[in-house]
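Inside the fold
The primary structure of each chain is shown beneath.
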Amino acid sequence: NMHGEELINDYAMFKDKTHKEGLRDKLIERLRLIEYDEEFVVKYQPKISNIHHDFVGVEALIRWNDDQLGFIPPNQFIPVAEKTGEIHPITIWLIEHVCKQIKEWQVAGFNVGKVAINLSNRTLTEDTFVVDVENIINRYQVDPSLLEFEITESSIIDDEKIALMTVKSLRELGATIALDDFGTGFSSLTYLRKLPIDKMKIDKSFLDGIVEDSLAQQFLADVINLGSTLSLGVVVEGVENEEELNIIGQTSADEIQGFYFGKPMSSDELISWDTSYNEKILN
Ligand code: C2E
Ligand code: MG
Ligand code: MG
Ligand code: MG
C-alpha cells in the first residue's frame, strides 16, 4: 500500500543520509589529519589543438587514495574540503606540486604547454591566495604564462567582487583564466560577456547523444561560436570517440580534451603517452 511504500522510501532515504553523513564526517576528519604528500597524487590529462591535433597543454587533476577510506573521487571530497576550508591548503599544495613538476619537465626537455589548475570559490575569496601563488611562482621560477586557472560560474557568483578581483590579479600575473563546465551554470549571457576570462570549456554534457542528433550538433557549434564571438579560446571537454571528434573538427573550437586522446595520467605515463602520440600523428 501507499503508506507502506512511503515508510520504506523514508527509511531508505534516512539510511542513505546517515550513511552519507557518516562518510562526510570521516572525510572531514581524514582531510584534517592526512599528510598531503602521502595521500594525494596529481594526474595530468592532455589537451589537443582542434586544427592539427597537436598536444598543447594538460589539466592537473587531483587524486586521493586514503590509507583508511581507500580511493575517494574529487567530486566527493572537493565539496567537503570547500565547506571545511581545507580546500585552501590543498590548492596551495597542488599549485606547488604542479610548479615543481613543470620545472622537472623543463629540465627533462619535455614540453607540455600550459598546465590548467581547478580553483573553487573558497580559494578565489581567500585573501592570501594571489600572494601565495606569486610566492610559489617566484620560488620555483615558473613562467606564469604556463599556468591556466579553471574557474566556474558559480565560483564567481557567490562572492562576486572579491572573486573577480582575484581572477583579475591572477591574469595580471600572466596566467590564463578559463571558465570551466560552461553551460551548467546559472549566470546570464550578458554577465559572461563582462567576465575577465580568456577561455571557456564547454561542458561534457553538450556531447551527450550528439552523434545521432543533428540539432545537438548545431547547438554545440553555436555555443562554440558564442565563445569565438566573445574572443574566447574554446575548449571542448569529454571527447570519447572518433565520431565526436569529427563533429568538433567541423566547429571553431580551439582545443579538445577527453578520454579519446588520453585519460588523466602520472608524469611518467604522460611522457610515454606523448612518445606514442607523436608517432601516431606523424603517420
Ligand atoms: P573538471 O574540472 O570539469 O574536470 C574534468 C573531469 O572530467 C575529470 O574528472 C576528468 O577525469 C573527466 N574527464 C575527462 N575526459 C573525460 C571523458 O572523455 N569522459 C568522461 N566521462 N570524463 C572525462 P575528475 O578528475 O574526476 O574530476 C572531477 C571534478 O573534480 C573536476 O571537474 C573538478 O571540478 C574537480 N577537481 C578535480 N581535481 C581538482 C583539483 O585539483 N582542485 C579542485 N578545486 N577541483 C578539482
Ligand atoms: Mg576543470
Ligand atoms: Mg569541466
Ligand atoms: Mg568542474
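Residues numbered from 1 in each chain as written. Chains lettered and ligands numbered in written order. Predicted model: local features only at pLDDT ≥ 70, side-chain atom pairs only at ≥ 80, totals over all residues. Heavy atoms only, no water.

Observations regarding the overall build of the chain
Scanning the chain for helices and strands turns up 12 helices and 9 strands. In terms of C-alpha radius of gyration, the chain reaches 20 Å, essentially the compact-globule figure of 19 Å for 283 residues. With the principal axes as the frame, the chain shows a C-alpha extent of 65 × 50 × 40 Å. A total of 283 residues make up the chain; the buried ones form 46% of that total. Long-range contacts, defined here as pairs at least 24 residues apart, represent 69% of the contacts in the chain between residues at least 6 apart. (Helix = DSSP H or I, 4+ residues; strand = E, 2+ residues; numbered from the N terminus. Rg over C-alpha atoms; globule rule 2.2 N^0.38 Å. Buried < 20%, exposed > 50% of the residue type's maximum accessible area, 1.4 Å probe, protein only. Contact = heavy atoms within 4.5 Å.)

Regarding the packing of helix α4 (residues 87-107) against helix α6 (residues 129-140)
Helices that pack against each other are described as a pair by the angle of their axes relative to one another and the distance between those axes. For the pair α4 and α6, interaxial distance at closest approach is 10 Å and the crossing angle is 25°. Viewed along their axes, α4 and α6 adopt a mutual orientation that is roughly parallel. The handedness of the crossing between α4 and α6 is right-handed. Of α6, the residues touching α4 (which contributes His88, Thr91, Ile92, Ile95, Glu96, Cys99, Lys100 and Lys103) are Phe129, Asp132, Val133, Ile136, Arg139 and Tyr140. Partitioned by chemical class, the residues of the contact of α4 with α6 number 7 nonpolar, 2 polar and 5 charged. (Axes fitted to C-alpha atoms, helices over the stretch in contact; angles between N-to-C directions. Parallel < 35°, antiparallel > 145°, perpendicular 65-115°, else oblique. Left-handed = near helix turned anticlockwise from the far one by under 90°. Nonpolar A, V, L, I, M, F, W, Y, C, P; charged D, E, K, R; others polar.)

Concerning the pattern of salt bridges
By the definition in use, this model includes 12 salt bridges. Ionic pairing is found between glutamate 96 and arginine 139, a salt bridge with its closest N-O pair at 3.0 Å. Remark: arginine 139 occurs in helix α6 and glutamate 96 occurs in helix α4; sequence separation between them is 43 residues. Residue classification places glutamate 96 among the partly exposed positions, given a relative accessible area of 22%. (Salt bridge = Lys/Arg side-chain N within 4 Å of Asp/Glu carboxyl O.)

What about the coordination of the magnesium ion (ligand 2)?
Metal coordination angles have textbook ideals: 109.5 degrees for a tetrahedral set of four donors and 90 or 180 degrees for an octahedral set of six. Listed as protein donors to the magnesium ion (ligand 2) are Glu59 (OE), Asn118 (OD1), Glu150 (OE) and Asp180 (OD); their distances from the metal cover 1.9 to 2.2 Å. Read from N- to C-terminus, the donor residues coordinating the magnesium ion (ligand 2) fall into the pattern E-x58-N-x31-E-x29-D. For the pair the magnesium ion (ligand 2) and the magnesium ion (ligand 3), the metal-to-metal distance amounts to 4.2 Å, and aspartate 180 bridges them. Within this pair, whereas glutamate 59 is found in strand β2 (residues 55-66), its partner asparagine 118 is found in strand β4 (residues 114-118), the two being separated by 59 residues in sequence. Accessibility expressed as a relative area gives 29% for asparagine 118, which makes it partly exposed. (Donors = N, O, S within 2.8 Å, 3.2 Å for Na, K, Ca; no water.)

A closer look at the pairing of strand β5 (residues 147-151)
Among the 5 residues in β5, 5 count as buried, and that is most of the element. Alternating positions in β5 separate into two faces, Leu147, Phe149 and Ile151 on one and Glu148 and Glu150 on the other, with burial throughout. Relative to β5, β4 runs parallel, the two being bridged by 4 bridges. The residue bridging alanine 116 from the neighbouring strand is glutamate 148, located in β5. Where β5 meets strand β6 (residues 176-182), 4 bridges bridge the pair, whose relative direction is parallel. The residue of β6 that forms the bridge with isoleucine 151 is leucine 179. (Pairing = 2+ DSSP bridges.)

Some remarks on α4
Over its 21 residues, α4 runs 30 Å from end to end, which matches the ideal 30 Å to within 8%, given 1.5 Å per residue. Phi turns positive, to about 75°, at glycine 109, one or two residues after α4. (Expected span 1.5 Å × (residues − 1).)

Some points on the nonpolar core
The biggest cluster of nonpolar side chains holds 79 residues, and the ones touching the most others in it are Phe40, Phe149, Ile202 and Leu270. Ranked by residue count, the leading element in this core is α4, at 10 residues. Aside from chain neighbours lying at most four places away, what touches phenylalanine 40 is Leu31, Ile34, Ile62, Arg63, Trp64, Phe77, Ile90 and Trp93. (Core = buried A, V, L, I, M, F, W, Y, C linked by side-chain atoms within 4.5 Å.)

Focus: the packing of aromatic side chains
Counted under the stated rule, the structure contains 13 aromatic pairs. Arranged with centres 4.9 Å apart and planes meeting at 70°, the rings of tyrosine 44 and tryptophan 105 form a pair that is edge-to-face. A residue pair is termed long-range when its members are at least 10 positions apart, and tyrosine 44 in strand β1 (residues 40-49) and tryptophan 105 in helix α4 qualify at 61 residues. Seen from their ring centres, tryptophan 273 and tyrosine 277 are 4.8 Å apart, and the 10° between their planes marks the pair as stacked. (Phe/Tyr/Trp six-rings, centres within 6.5 Å; stacked < 30°, edge-to-face > 60°.)

Quick word on the site of ligand 1
Near ligand 1, the surroundings consist of 22 residues, among which Arg63, Asn118, Asp180, Glu240 and Phe259 are the closest. Aspartate 180 places a side-chain nitrogen or oxygen 2.8 Å from an oxygen atom of ligand 1. Residue aspartate 181 places a side-chain N or O atom 3.1 Å away from an oxygen atom belonging to ligand 1. Coverage of ligand 1 by the protein chains reaches 81% of its 800 Å² of free accessible surface. Contributing elements (two or more residues each) for the shell around ligand 1: β2, α3 (74-84) and β6. If you tally residues by element for the shell around ligand 1, the top one is β2, at 4 residues. Here the shell around ligand 1 is built from residues that sort into 8 nonpolar, 6 polar and 8 charged. (Near = heavy atom within 4 Å. Polar contact = N/O pair within 3.5 Å; in protein donor to acceptor, adjacent residues only side chain to side chain. Areas by Shrake-Rupley, 256 points an atom, 1.4 Å probe, with all protein chains shown as cover.)

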